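Understanding the architecture of this molecule
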Amino acid sequence: MTGFLTLLYKELLRFWKVGFQTIIAPMVSTLLYLLIFFHVLEVHTQVYPGVAYTTFLIPGLVMMAVIQNAFANSSSSMIQSKISGNIVFVLLSPLSYRAIFFAYILASIVRGLLVGLGVYLVTLIFFDIPLLLPLWALLFVVLGSAILGALGLIAGIWADKFDQLAAFQNFIILPFTFLSGVFYTIHSLPIGWQYLSHLNPFFYMIDGFRYGFFGVSDISPYISLMIVAICLMVISLLAIRMLKIGYKLRY
Amino acid sequence: MHPMLPAIEVKQVSKCYGSLCALTDIDLDIHAGEFFALLGPNGAGKTTLISIIAGLSHANSGSVRVMGHDVTTQYQQARRNLGVVPQELVFDPFFTVRETLFIQSGYYGIKGNADWIDEIIERLDLADKANVNMRALSGGMKRRVLVAQALVHKPPVIILDEPTAGVDVELRQTLWNFIQQLNQDGHTIVLTTHYLEEAETLCHRVAMLKAGKIIALDSTQNLIGKMTSGNSLKLRLLPDTLPPVLQALQISHHNGMYELKIENYAHVEFILASLRSENNQILEMHLQQPDLEDVFVNLMRNHRKPAK
């Protein structure tokens, strides 16, 4: 357990030491999104009855910040360690592959939640946002950040260069996030796009998370929970498998 | 611990990358308490072998045990018994020296290791850099931290992959004194180096690798002792001419120094008598004995790759 806790501590200390870049900066950029959308769309759109667009948007933006930072944490830590070579210190140690997996994922969850919580607390100053079912919200935000932490670990292990990691981020994570209903309800989409949105696992994370705030969602939160849990399991098994066989780590 | 248990046991290990084999059927036992050198030219397979022992690389066939623990099936026990100083100067730029050592210690499941960490910081002359970020250290200091990291869990077996490459004389001496002390305390030491005089002075036994195969494995003394040629006498003479009776012994004549081959020490008297009889005056004289470098050069030259 000490080994796992040490690696977790090291992962937390790593992003904490550069907190301006890893926590404050993503909070600011998320709040900028909010500022822009608030001014442009507030008067035009009401998503759910009685829920103003900005109020609808905030949980989506919080989840987007969580997703992006959970992914960024494990992926950048892993690729930096690989490229600079200091991953050798972890690989030489008796740390089990499960301990390595859980330490990276938990650190990603913590960073994701810190950024998300920061955004949420700032928005509370200006907006009145209901949080009707906080446990549902917590459940989805933890599962969502765990999925992205595991995806980040996979991407960090797989990528040999920073531009491969950037490609993973820009061509997979970003489109899946933006097309998941962060900024809108999928019921506002044409029917074809609605079907496509159902294939996007990120949609279920955000829809379930939003259910925790408003008590309404595009689809049943139980279905979302099941899909998100299955995604987490599959992605985690893949990441653990990569660590176990030493894919691109132990040659 | 079983008295006959080797510290490192390598059995029939092969490692190939596609058609290129870095190691072929390596068998090697390194005994507990030994100071052992793994020598060979660049690309001979030394680092690959170390990587397999350390679990950083998987062998295609064969098995490796560290203190009796298989490095793949019992990897946790094997790694607890092993400390490795990597060849590359790697470091984590986020942390100070002390943080680095505490983190490394924690990876091995050791809590509250402050006393031992303070001791290794002290013994490796890192005390005034203990709270400095790793990025700010010189190459030599980073090398010391790498050594300290390999020792945080007090491993019985320590492998140093070219620990003195690019290191100044003072650090080299500090390092060797420290490592000799560790060996005297019972640690098994395995090192690779291109400085053969270091290996000759420090190591009890030597394995020489070439093209992924062990071409010599013996005690340092035996390897040197087996050199049938190599003793020679170097002379600067006045006048600068060699008596005809000695010309058959001449190996070289370079910068006014004659080098004469001698079979044994009694042969020296014959040479001196011949010079006296010709009224040659000796201005300078050196007795050259074979060393590990001669053994190395000789073995590498004579052990050609088999024809395909």
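Residues numbered from 1 in each chain as written. Chains lettered and ligands numbered in written order. Predicted model: local features only at pLDDT ≥ 70, side-chain atom pairs only at ≥ 80, totals over all residues.

1. Side note on the overall build of chain B
To be explicit about the condition: The helix and strand labels rest on DSSP assignments: H or I over at least four residues marks a helix, E over at least two residues marks a strand, and numbering proceeds from the N terminus. Partly exposed residues are those falling between the two cut-offs: more than 12 but fewer than 20 other C-beta atoms within 10 Å of their own, whereas 20 or more means buried and 12 or fewer means exposed, with C-beta atoms placed from the backbone. With C-beta atoms placed from the backbone, a contact is any residue pair whose C-beta atoms sit within 7 Å.
A count of helices and strands for chain B gives ten helices and 14 strands. Counting only C-alpha atoms and orienting by the principal axes, one finds that chain B spans roughly 75 × 50 × 40 Å. Counting the 308 residues in chain B, one finds 39% classified as buried. Long-range contacts, defined as pairs at least 24 residues apart, comprise 69% of the intrachain contacts of chain B with a sequence gap of at least 6.

2. A closer look at the pairing of strand β14 (residues 281-288) of chain B
Residues and elements named next belong to chain B. Where we set the bar: Whether two strands pair depends on DSSP finding at least two bridges between them.
Of all eight residues making up β14, only zero are buried, and the element is barely covered by its neighbours. Pairing geometry for strand β11 (residues 232-238) and β14, over seven bridges, is antiparallel. Each residue of the ladder has a partner; that of K234, found in β14, is H286.

3. Section: the interface of chain A and chain B
To keep things clear, this is the line we draw: Nonpolar residues are Ala, Val, Leu, Ile, Met, Phe, Trp, Tyr, Cys and Pro. Charged residues are Asp, Glu, Lys and Arg, and all others, Gly as well, are polar.
Between chain A and chain B, the contact holds 22 residues from the first and 24 residues from the second. Within the residue set of the side of chain A that touches chain B, elements represented by two or more residues are α1 (2-17) and α4 (87-92) of chain A. The element contributing the most residues to the side of chain A that touches chain B is α1 of chain A, with seven residues. Split by residue class, the side of chain A that touches chain B holds nine nonpolar, nine polar and four charged.

4. Considering the sheet that holds β14 of chain B
Residue and element names in this part refer to chain B. For the record, the criterion: Angles shown run from 0 to 180 degrees and are taken between the N-to-C directions of axes, each axis being a line fitted to C-alpha atoms and, for helices, limited to the stretch in contact.
Here four strands make up an open sheet; going across it, the order is β12-β13-β11-β14 and the pairing antiparallel. The outermost strands of the open sheet, each flanked by one partner alone, are β12 (250-254) and β14. Looking at each pair of strands side by side, their axes are set apart by 20 degrees on average, direction ignored. As paired strands, β11 and strand β13 (residues 257-261) are joined by five bridges and run antiparallel to one another. Residue pairing in the sheet places R236 in a bridge with M257 of β13.

5. Re unusual backbone geometry
All names here are of chain B. Residue P239 is reached from L238 by a cis peptide bond, and omega for that bond is -5 degrees. Position of P239 among the secondary structure elements: in the loop between β11 and β12. Of note, the phi angle at D25 is positive, near 45 degrees, even though the residue is not glycine. Positionally, D25 belongs in strand β2 (residues 20-31). Given 14 C-beta atoms within a 10 Å radius, D25 is considered partly exposed. Residues other than glycine seldom take positive phi values, yet M67 does so here, at roughly 50 degrees. Tracing the chain through its elements places M67 in the loop between β4 (61-66) and β5 (69-70).

6. Focus on helix α3 (residues 53-84) of chain A
Residues and elements named next belong to chain A. Under the convention used in this document: To estimate how far a helix should extend, the number of its residues minus one is multiplied by 1.5 Å.
Counted at 1.5 Å a residue, the expected span for α3 with its 32 residues is 46 Å, and the 45 Å between its end C-alpha atoms agrees. Most of α3 sits inside the fold, with 27 of its 32 residues counted as buried. G85 sits one or two positions beyond α3 and adopts a positive phi of about 90 degrees.

7. Some words on helix α7 (residues 162-178) of chain A
Residues and elements named next belong to chain A. Threshold: We define the bend at any residue as the angle between the axes fitted to the seven residues before and including it, ending there, and the seven starting there.
For α7, with 17 residues, the first-to-last C-alpha span of 22 Å sits near the 24 Å given by 1.5 Å per residue. Helix geometry: α7 is bent most strongly at Q169, by close to 30 degrees. For α7, the complete set of buried residues consists of L165, F168, I173 and T177. Its buried side turned inward, α7 meets α3, α6 (134-158) and α9 (201-214).

8. Examining the environment of H204 of chain B
Residues and elements named next belong to chain B. Inspection of the secondary structure assignment puts H204 in the loop between α7 (196-202) and β9 (205-210). You can call H204 partly exposed: it has 15 C-beta atoms within 10 Å. Apart from residues no more than four positions distant in its own chain, H204 is found in contact with E34, F35, F36, S219 and T220.

9. Notes on the domain arrangement of chain B
Reports often express the size of an interface as the amount of accessible area lost when the parts come together. The line we're drawing: Here the bounds of each domain stem from an automatic or database domain assignment.
When cut into domains, chain B gives domain 1 (6-225) and domain 2 (232-288). Using only C-alpha atoms to locate each centre, domain 1 of chain B and domain 2 of chain B end up separated by 45 Å.

10. What to know about the packing of α1 of chain A against helix α3 (residues 97-107) of chain B
Between α1 of chain A and α3 of chain B, the shortest axis-to-axis distance is 7 Å and the interhelical angle comes to 145 degrees. Judged by residue contacts, T2, G3, T6, L7 and K10 of chain A of α1 of chain A engage I103, G106 and Y107 of chain B from α3 of chain B. Of the residues belonging to the contact of α1 of chain A with α3 of chain B, the class tally is three nonpolar, four polar and one charged.

11. Overview of the sheet that holds strand β6 (residues 82-85) of chain B
All names here are of chain B. Strand order across the open sheet formed by six strands is β6-β7-β8-β3-β9-β10, with mixed pairing between neighbours. Each edge of the sheet is formed by a strand with only one pairing partner; in this case those strands are β6 and β10 (213-219). The sheet shows a mean angle of 15 degrees between the axes of neighbouring strands, taken without regard to direction. Looking at chain direction, strand β3 (residues 35-39) and strand β8 (residues 188-192) are connected through four bridges and run parallel. Residue pairing for β8: A37 is matched across the bridge by L191. This element, helix α1 (residues 46-54), spans β3, β6, β7 (157-161), β8 and β9 of the sheet and lies at about 150 degrees to β7. Helix α10 (residues 292-302) contacts β3, β9 and β10 of the sheet and is inclined by roughly 30 degrees relative to β9.

12. Looking at the nonpolar core
Stated precisely, the cut-off is as follows: Here, a nonpolar core denotes buried Ala, Val, Leu, Ile, Met, Phe, Trp, Tyr and Cys residues that are linked to one another through C-beta atoms within 7 Å.
Ranked by size, the top nonpolar core spans 151 residues in total, and within it L61, M63, V66 and I100 of chain A together with I53, A148 and I159 of chain B carry the most contacts. When residues in this core are grouped by element, the largest group, 16 residues, is from α3 of chain A. In contact with I100 of chain A, other than residues within four places in its own chain, are L7, V90, L95 and L243 of chain A.

13. Remarks on the pairing of β9 of chain B
All names here are of chain B. Here β9 lies mainly inside the structure; five of its six residues are buried. Examined bridge by bridge, β3 and β9 share four bridges and lie parallel to one another. Across the sheet, A37 pairs through a bridge with V206, a residue of β9. Strand direction decides the pairing type here: β9 and β10, joined by six bridges, are antiparallel. Each bridged residue has a counterpart across the sheet, and for K210 the counterpart in β10 is K213. Connecting β9 to the antiparallel partner β10 that follows it, the hairpin turn spans two residues, and A211 within it adopts a positive phi of roughly 45 degrees.

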